[in-house]
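Residue-level structural notes
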Amino acid sequence: MPRFTFPLMSREHVADGTTAFRFDFEGQDFTFKPGQYVSLTVPDPIYQDEKGNTRSFSIASSPQDRFLLIVTRMSGSALKRTLAEVTLGTRVDVRGPLGSFTLPQDSSRPLVLVAGGIGITPFRSMVKHATERSLPHRLTLIYSNRTPQDAPFLEELQTWAQQNPNVRFVPTMTQPEQAKVPWHGRTGYIDGAFISEVVEDREHSLVYAAGLPGMVGGVARALAEAGLSEDQVRTEEFDGYE
């Protein structure tokens, strides 16, 4: 399995309790497919706990970027606290890319991407890549969060959907009354009625769902209620998210 060492170049707050970490390739030949992930190790962590100093993170950058971007909720684990505090330039070990939860080469079927919260990370890579390369894939991105301030990359995704006629962006907020600024878009949870309304070609669509296990399970039930079969659905659960 390929192994790399990349320096941490920047940290950016991208939503409430959520930080993006950017690592420079330094000219190394790191290639990946949108939707893959890496295993990241901090060799000399500032903090330590029973979870250790290695975690898996979906890649949020696109293959056209010359850096690795990972995004995570700051749960308070030792590794994430270390990433938040180490000096910029600190090097981390990276194994990968890993995983097959990737943008399919076949663009003939409509692709529905369903993200809950931090589950947006692999889909950000897919949508950014498809937009940059003017790919023919027809993408519907459904993105559920409690409030806009909890939604990483919300404005960025809205911009790409405006630029790319093949991308339809459907964000929804489940607790809009707690928004810091008024939310005028769709509200409510993703249920069978939601899927039936939003997914135009339920017979032929391929659906990818990513997020915490409870969210992914709820989406799977909603898809079944809307008449989609299990062989139309692929999932990526962000399990043990700490």
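So, here's what we can say about the structure. Everything quoted here is computed from the prediction, not taken from an experiment.

**Examining the packing of helix α2 (residues 120-132) against helix α3 (residues 154-163)**
For the pair α2 and α3, the least separation of the axes is 10 Å and the interaxial angle reads 30 degrees. Taken together, the axes of α2 and α3 lie roughly parallel to each other. Crossing handedness for the pair α2 and α3: left-handed. On the side of α2, the interface is formed by Ile120, Arg124, Val127, Lys128 and Thr131, while α3 contributes Glu156, Leu157, Trp160 and Gln163. Here the residues of the contact of α2 with α3 are counted per class, giving four nonpolar, two polar and three charged.

**A look at the environment of Val38**
Mapped onto the elements, Val38 comes out in strand β3 (residues 37-41). When the C-alpha atoms of Val38 and Ala220 are compared, they prove to be 25 Å apart, with 182 residues separating the residues in sequence. Look past the residues within four positions of Val38 in its chain and what remains in contact with it is Phe30, Arg55, Ser56, Phe57, Ile59, Leu68, Val94, Arg95 and Leu98.

**Structural notes on helix α5 (residues 213-225)**
If you check α5, its first and last C-alpha atoms are 18 Å apart, about what 13 residues at 1.5 Å a residue would give, namely 18 Å. Every buried residue belonging to α5 is among Val216, Val219, Ala222 and Leu223, and all of these are buried. The buried residues of α5 occupy an angular sector of 120 degrees when projected down its axis, which confines them to one face. Residues of α5 that are exposed and angled more than 90 degrees away from the buried face: Gly214, Arg221 and Glu225. Residues of α5 that are buried in the fold lie against β7 (111-116), α4 (192-198), β11 (206-211) and β12 (233-237). Where α5 terminates, the next one or two residues include Gly227, which has phi positive at roughly 95 degrees.

What counts and what doesn't
Residues numbered from 1 in each chain as written. Predicted model: local features only at pLDDT ≥ 70, side-chain atom pairs only at ≥ 80, totals over all residues. Heavy atoms only, no water. Axes fitted to C-alpha atoms, helices over the stretch in contact; angles between N-to-C directions. Helix = DSSP H or I, 4+ residues; strand = E, 2+ residues; numbered from the N terminus. Parallel < 35°, antiparallel > 145°, perpendicular 65-115°, else oblique. Left-handed = near helix turned anticlockwise from the far one by under 90°. Contact = heavy atoms within 4.5 Å. Nonpolar A, V, L, I, M, F, W, Y, C, P; charged D, E, K, R; others polar. Expected span 1.5 Å × (residues − 1). Buried < 20%, exposed > 50% of the residue type's maximum accessible area, 1.4 Å probe, protein only. Arc of directions from axis to C-beta.

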